[in-house]
Number of protein chains: 2
Amino acid sequence: MTQAPAAAPHRIVVVGAGFAGLQLVHDLRGADCAITLIDQRNHHLFQLLLYQVATTLLATSEIAWPIRRVLRDRPEVVTLLARVTGIDRAARQVALENGGRVPFDTLVLATGARHAYFGHDEWEADAPGLKTLEDATTIRRRLLLAFERAELTADPAERDANLTFAIIGGGPTGVELAGIVADLAHRVLPREFRRIDTRTARIMLIEAGPRVLPVFPQGLSDYAAAALRRRGVQVLTGRPVTAISDREVTIGDEAVPCRTVIWAAGVQASPAAEWLGAESDRAGRVIVNAQLTLPDDPRIFVLGDTAHVEMDGQPVPGLAPAAKQQGRYAAAAIRARLAGKPAPGPFRYAHQGNLATIGRNAAVIDFGRIRLTGWLAWWIWGIAHIYFLIGVRSRLVVAVSWLWSFLSRQNPARLITQKETARRG
Amino acid sequence: MTQAPAAAPHRIVVVGAGFAGLQLVHDLRGADCAITLIDQRNHHLFQLLLYQVATTLLATSEIAWPIRRVLRDRPEVVTLLARVTGIDRAARQVALENGGRVPFDTLVLATGARHAYFGHDEWEADAPGLKTLEDATTIRRRLLLAFERAELTADPAERDANLTFAIIGGGPTGVELAGIVADLAHRVLPREFRRIDTRTARIMLIEAGPRVLPVFPQGLSDYAAAALRRRGVQVLTGRPVTAISDREVTIGDEAVPCRTVIWAAGVQASPAAEWLGAESDRAGRVIVNAQLTLPDDPRIFVLGDTAHVEMDGQPVPGLAPAAKQQGRYAAAAIRARLAGKPAPGPFRYAHQGNLATIGRNAAVIDFGRIRLTGWLAWWIWGIAHIYFLIGVRSRLVVAVSWLWSFLSRQNPARLITQKETARRG
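Residues numbered from 1 in each chain as written. Chains lettered and ligands numbered in written order. Predicted model: local features only at pLDDT ≥ 70, side-chain atom pairs only at ≥ 80, totals over all residues. Heavy atoms only, no water.

A separate point is the overall build of chain A. Secondary structure summary: chain A contains eleven helices and 27 strands in total. A compact globule built from 425 residues would reach a C-alpha radius of gyration of about 22 Å, and chain A, at 23 Å, matches this within 12%. C-alpha extents for chain A along the principal axes are approximately 75 × 50 × 40 Å. Here chain A, with 425 residues, has 57% of them falling under the buried criterion. Within chain A, residue pairs in contact and separated by at least 24 positions form 64% of the contacts whose partners lie at least 6 positions apart. Distance from the positive charge centre (50 side chains) to the negative charge centre (40 side chains) of chain A: 7 Å. (Helix = DSSP H or I, 4+ residues; strand = E, 2+ residues; numbered from the N terminus. Rg over C-alpha atoms; globule rule 2.2 N^0.38 Å. Buried < 20%, exposed > 50% of the residue type's maximum accessible area, 1.4 Å probe, protein only. Contact = heavy atoms within 4.5 Å. Lys, Arg positive; Asp, Glu negative; His and termini not counted. Charge placed at Lys NZ, Arg CZ, Asp CG, Glu CD.)

According to UniProt, the positions carrying the feature "domain: FAD/NAD(P)-binding" (unreviewed entry) are residues 11-327 of chain A. Along residues 11-327 of chain A, the helical share is 28% and the strand share 29%, with 17 Å between the first and last C-alpha atoms. (UniProt positions renumbered as here; feature names shortened; annotations may be inferred.)

It is worth spelling out the pairing of strand β16 (residues 254-257) of chain B at this point. Residue and element names in this part refer to chain B. When strand β15 (residues 248-251) meets β16, the two strands line up antiparallel, connected through four bridges. The partner of Thr 250 across the bridge, within β16, is Ala 255. Between β15 and β16, which pair antiparallel and follow one another directly, the connecting turn spans two residues, one of which, Gly 252, has a positive phi of 60 degrees. (Pairing = 2+ DSSP bridges.)

A few words now on the UniProt feature "transmembrane region" (unreviewed entry) in chain A. UniProt marks residues 378-404 of chain A with the feature "transmembrane region" (unreviewed entry), using the numbering shown here. Split by type, residues 378-404 of chain A is 93% helix and 0% strand. Its first and last C-alpha atoms lie 16 Å apart.

Here we take up the relation of the copies chain B and chain A. Mapping chain B onto chain A leaves a residual RMSD of 0.0 Å; the transformation is a rotation of 180 degrees accompanied by 0.0 Å of translation along its axis. Taken together, the rotation and translation describe the operation of a two-fold axis. When you check the interface residues of chain B against chain A, 100% turn up at the interface there too, and the contact is symmetric in its surfaces. (Least-squares fit on C-alpha atoms with pLDDT ≥ 70 in both.)

All names here are of chain A. Position of Gly 174 relative to the elements: it lies in helix α6 (residues 172-188). For Gly 174 and Glu 207, which are 33 residues apart along the polypeptide, the C-alpha to C-alpha distance reads 9.0 Å. Setting aside chain neighbours within four positions, we find Gly 174 in contact with Ile 167, Gly 169, Leu 205 and Ala 264.

A few words on the packing of aromatic side chains. Residues and elements named next belong to chain A. Per the stated rule, a full pass over the model turns up 22 aromatic pairs over all chains. Between Phe 147 and Phe 193 the ring centres are 6.2 Å apart and the planes differ by 45 degrees, which places this aromatic pair in the tilted class. Within this pair, whereas Phe 147 is found in helix α4 (residues 133-152), its partner Phe 193 is found in the loop between α6 and β12 (202-207), the two being separated by 46 residues in sequence. Summarising the burial analysis for this pair, Phe 147 and Phe 193 share the class buried. Through a chain of ring-to-ring contacts, the aromatic side chains of Tyr 117, Phe 118, Trp 123 and Trp 263 assemble into a single cluster. (Phe/Tyr/Trp six-rings, centres within 6.5 Å; stacked < 30°, edge-to-face > 60°.)

Residue and element names in this part refer to chain B. What the three strands build is an open sheet, ordered β25-β26-β27; its pairing is antiparallel. Every interior strand has two partners, whereas the edge strands, β25 (354-359) and β27 (371-373), have only one. Each neighbouring strand pair of the sheet contributes to a mean axis angle of 5 degrees, computed without reference to strand direction. In this sheet, β27 lies alongside strand β26 (residues 362-366) in antiparallel orientation, the contact comprising three bridges. Across the sheet, Asp 366 pairs through a bridge with Arg 371, a residue of β27. Where helix α7 (residues 218-230) meets the sheet, it contacts β25, β26 and β27, and its direction lies at approximately 170 degrees from that of β26. (Axes fitted to C-alpha atoms, helices over the stretch in contact; angles between N-to-C directions.)

Residue and element names in this part refer to chain A. What the four strands build is an open sheet, ordered β13-β12-β11-β17; its pairing is parallel. The open sheet has two edge strands, β13 (233-237) and β17 (260-263), and neither has a second partner. Neighbour-to-neighbour, the strand axes of this sheet turn through a mean angle of 20 degrees, independent of strand direction. Bridge analysis of strand β11 (residues 164-168) against β17 gives four bridges, and the strand direction is parallel.

Structure, rendered in structure tokens:
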């Protein structure tokens, strides 16, 4: 807790340039410290809109920004594109894959999460999740190729299997994906195919629990399920998936021929807990105290989806606003230490509400006392998300893309890139 | 040459949705025929701007359009995403990789070209060419990763090798690539790196012949070379590349440590000649007559970069306007046959000029009598290319992207996507 000597600025190493890490670096502007920001990607990703890349509404370039460009006016921040392989807590160093070591006085880990398959890692090849740009382009490629193969084949069974889509997990991501896939099949694509009627596509949203959007109030869940059904989505609740292959998905005992499966059912934290040798919860999240640091090391912060923080006996949810608030809190705590001032009180998560879209002109918003559905919710959702994008250019580009799609009823981002490699040897 | 019976419309199969194929389909609107358009990609690519994707000025989505969307108002056109494996001339069928066969009355092959390594195919892994969107994102990834690795490494030799870029081939593509890479290193990136000065990057444009832009008049070649040198590009003419590896490029006898090599030196036609068992030239192009058909089969057209057409004893160049003119000519010839009218006269290529950019505010234009250099040429070049894009949306998006880059001096499309796989086993 001692201040660094004036000659050598305090060295802060931040791993992960997601919502938490970038917010922290942003809030440390002007503090007397040298920051090294390490990420294995060269871009910050606006994950909230990733499902729109996966479903052809937005282009990859519209929701990702080079980290260097975001921080170009911050000469005290060194950005490194590198993969972290471990943390030497005794030597106070971060180890990189290329053999390099980065020393720190304060360490901030905000390395996010990946999807989890609940002991069925073998499902990943056939049921990709949605966390990175590559995940999104993989899902987009499979969605579009399925329609292409249905148009190409002469075999009715093959055609039907290609026109069957399974989305697993009834949380916001699953609901959002199902809604846009339905819009794609029913509104965007019909005029473009000659041999198939894309409106006959079968789109299943499969949820093991009793209802979709379980974190929302029952009334909004019911609205979402009804809105999805009106769009032609089969909402299958209380039905666990028991097997997935490249030929079919098994729901309970029923095997359904299906070529496109998307996984939106669970997440697993990054390996930060292993790096630290720290205690973690079942999802692999590092258990931190109310100061967002390791209980035994106040100079190691863990933030965002990698951290398990409790407030009033409940874990803080893995949402973007929570990650940003944690980044802001940790920056304030570090500033206080650097200035020799007392630490701020414990971290308090301010829940701002839950939002989810269900497709064109339909969304649900739960602001606690205020609950909204329908087109008004959809427009509020859109405006809120444009507001959260980084930079004037991005806001303009996404706003124009959305308006264009809305008015033209066309989804612009329909490129199939990269070859689909065989999923089985 | 007989007309198809009225009951069964004349079946036209077009392979390749590039400039020639798409122009032909466009010009056959309203003709009494059933068209099947086959491409192994789902998008038409505006290849003229591919180098801007490779060099971070444009996003992939800005220069490619789903073929289906372009043709959505043409119910008589069936679009198939499929790979052609051969042509059965006796049975009049195109064979597809999935086992399907597509019968034709008239066949149009417009399958383009790939880069050629003059007997050094082993160079491809280390010196990618630029023909597809994946080529462009591969080059972009390697360019950006080289700067990242230079920032990351502690080894000066490794840093210098990563800051050395070799572009092979002094035609328009090579000149355009070298100019933007120089702008990137000298104007866009310097403020974003902390440990390296990107302005020290060594950018070599290597041409075996005596001058860059050999199809332009000497004066414009000289201007281009001088403009490149002012931007910090080493223009090495009369210097053949003799070896390429993942560690270095050898120019004559001199081995230069270099991690990023881009190939812009030669093209090879698609395998259409093999499919047809037809005579081809050295670059693999099918030799066609002045009606753009096989000499022994007036119902098989070969167009664009896949065709060797002579006019006044000179081969027609492999340029986008030439491909479009051939598509237009073939459509007129097919229309005449369907109407029982006499065939049009021989194909005449109308040369509209040569254009190339050299980076911000510099271009060369050769319209024959009118020759232009500098900022005016650059603006004319930009406006001409926006005009040639498909659709209002694309024109708007590219125009806004360019204006933004011009005013902000930022290159927006800087995502590193897909993992760089090891180039050597």
